[in-house]
Amino acid sequence: MRHFFIVLILLSLFACTNPPQQDGMVRIGWPGSPDARHPGIAVLSQAYSIFALVYDTLYALELDGSYAPSLVTNSTQSQDGTTYTFHLQPNASFHDGQPVTAHDVAFSLSFYHDHPDFPLLYAYTRQFKKITATDNHTVVLELTEPVPNIESQLAFLFILPKHIWQSHTEGEKALQFDNANMIGSGPFRLVEYAQNAFVHLEPHASHPLAPKNIHGVIFQTFANQDALVQAIRTGQVDAITEMPFTAFEGLKTQANIQVFSGTPSQPEVTDIIINQLDPQNAPEGSITSGHPALRDVRMRKALALATNKQRLIDIVLLGHGSLGKTLIPDGLGHWFNSELTDYPFDPEQAKALLDDANYQDTDGDGIREMPNGQPLNFRVSWPTDSTISPRMARMLSEMWADIGISTQLQAVDPDALTALCCPAFDYDIILWGWTTASDPAFLLDIMTSYGIPTGTNETGYADPTYDAKYQQQAIALDAQKRQQIVWDMQRQVHEAVTYIIPFYPKVLQAYRTDRFSGWVTNTPRLGIETPRSLSALTPQP
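Please read all numbers here as calculations on a predicted model, not as lab measurements.

Would you mind going over the packing of helix H9 (residues 309–316) against helix H11 (residues 389–401) with me for this structure?
How two helices pack is summed up by the angle between their axes together with the distance between the axes. Between H9 and H11, the shortest axis-to-axis distance is 11 Å and the interhelical angle comes to 145°. When you trace H9 past H11, the crossing you get is right-handed. For the pair formed by H9 and H11, the contact residues are Arg311, Leu312, Ile315 and Val316 on the first element and Arg391, Met392, Met395, Leu396 and Met399 on the second. Residue classes in the contact of H9 with H11 are distributed as 7 nonpolar, no polar and 2 charged.

Right under this line is the structure:
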């Protein structure tokens, strides 16, 4: 987790080619595209949506926020909490017909653990010590220390077929394998993939969640948000996974269209990412071009004080969101530190803070400078597939101009923006966001210093006391103790203004009622693109 009315001809502006037409095929429109077919190197949320359909995991994240066994039939835990034994489904098979065995599971978990250079999935394996297949259907996982959230650690570690991947595990091969066929064991198999155009999936018939009444699903990429909305109006697609907030009320009155606003299947946070990397911590090969003023916590606090979050929610989200504080969203329930006092919207206090820090407008052009004369002119970037960032960027530019800070606004292709971000640190400020599971460990990990060279850490924030607290929460078996550590970590990074979190957006989704029935929308979290929802679909007569 990551988002104007134009002539109708733009409806066909997918990057290169059109998906096949076929009765019984569900078409879902979205504004982005997976950045990779390789689970180890992918970053964008669209890739993870496809992985969840194509691959199995030991446990699955449900739409109520809980975890349920997937490939696991049952498990046992040693008395000291460091060893788990998992018994697997006996009849699971990969899309090429090969059986799923404990050897595939052990291989996959070891593969992620052995690659700290994987930007996201390695973080789930930090406490793994040894993974062993004791027979074809039994896996033993040994941990360095007990962990309180083993299901959440395993829910995104996609099980790969060892017979395909075993020759792509070492050195550059592990990063360069394109995984063109995406052979998994999940409820859908890949039929065709066109980057920035569409992903065509068909049911994997032997899987218990494989849909019985549809021929497949196509995720279709649109070049802009208004084309996406128009596509569901005209029936070019059957559903859309998101939409501009300005389109919500209009679609509500459209015949044969049902719209929903709710907590995403994986709670979301929108963040203002500030490059505060100390050059001493710059990873090898990074560009490290961030504006030096952003390394000053007083500057970051001034930006926070000049950010009118409620106005952003009212105008950008049209009220479909809640005030943000920390990278841990309020959708994570008790893990969210609700006791934090946020920085108020107070431009005058922001100006006074900058004055005291000697950021003055010495030439009277309305833009302050650093003591060395460098203007406070920040590059503000966002991904081109964002539905909300263009308007948010313009509003932030106006808010920050009021305190003497100028901005250069630029939309960037998501893949290119990822390359600029981490670990290149070739940016000043980025507007983006994250989706997350039900446990806070992943988002907390993003702010650890050892994520700087791997690209997981976006901001360059580094504090050994924070790193130590991360390790403490990771092995705190007492729920209250762990919650207190997690809350304290949020307080620490909030005081450091590691991020400015404007809001936690709701997700807006829609489907046509005249094509398919059975979309799952009556759950605490909304995810019409998830396996549970797609497996329940039936064509309308």
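I would appreciate a short explanation of the sheet that holds strand S11 (residues 239–240) in the present structure.
Strands belonging to one sheet form pairs held by backbone hydrogen bonds; the direction of such a pair is parallel or antiparallel. As summarised here, the arrangement of the 7 strands in space is S8-S9-S10-S1-S11-S19-S12, forming an open sheet in which the pairing is mixed. At either end of the open sheet lies a strand with only one pairing partner, and these are strand S8 (188–194) and strand S12 (257–262). Across 4 bridges, the pairing between strand S9 (residues 198–203) and strand S10 (residues 216–221) is antiparallel. Bridge pairing in S10 places Leu201 opposite Val217. Sheet strands in contact with helix H1 (residues 45–54) are strand S1 (25–30), S8, S9 and S10, and its direction is about 15° off that of S9. Packed on one face of the sheet, helix H6 (residues 225–234) meets S1, S11, S12 and strand S19 (507–512) and runs near 30° to S19.

So what exactly am I meant to see when it comes to the packing of aromatic side chains here?
How two aromatic rings sit relative to each other is set out by the distance from centre to centre and by the angle between their planes. Tallying each qualifying case throughout the model produces 20 aromatic pairs. Ring plane angle 5° and centroid distance 5.9 Å describe the contact between Tyr84 and Phe86, whose orientation is recorded as stacked. Here Tyr84 matches Phe86 in class, with each residue buried. An angle of 5° between the planes, with centres 5.9 Å apart, marks the rings of Phe107 and Phe111 as stacked. A residue pair is termed a helical-turn pair when its members lie 3 or 4 positions apart in one helix, as Phe107 and Phe111 do in helix H2 (residues 102–113) at 4 residues. Accessibility classification places Phe107 together with Phe111 in one group, the buried group. Each residue in the set Phe107, Phe111, Tyr112, Phe118, Trp165 and Phe177 is aromatic and connected to the rest through ring pairs, giving one cluster.

Procedures and definitions
- Residues numbered from 1 in each chain as written.
- Predicted model: local features only at pLDDT ≥ 70, side-chain atom pairs only at ≥ 80, totals over all residues.
- Heavy atoms only, no water.
- Axes fitted to C-alpha atoms, helices over the stretch in contact; angles between N-to-C directions.
- Helix = DSSP H or I, 4+ residues; strand = E, 2+ residues; numbered from the N terminus.
- Left-handed = near helix turned anticlockwise from the far one by under 90°.
- Contact = heavy atoms within 4.5 Å.
- Nonpolar A, V, L, I, M, F, W, Y, C, P; charged D, E, K, R; others polar.
- Pairing = 2+ DSSP bridges.
- Phe/Tyr/Trp six-rings, centres within 6.5 Å; stacked < 30°, edge-to-face > 60°.
- Buried < 20%, exposed > 50% of the residue type's maximum accessible area, 1.4 Å probe, protein only.

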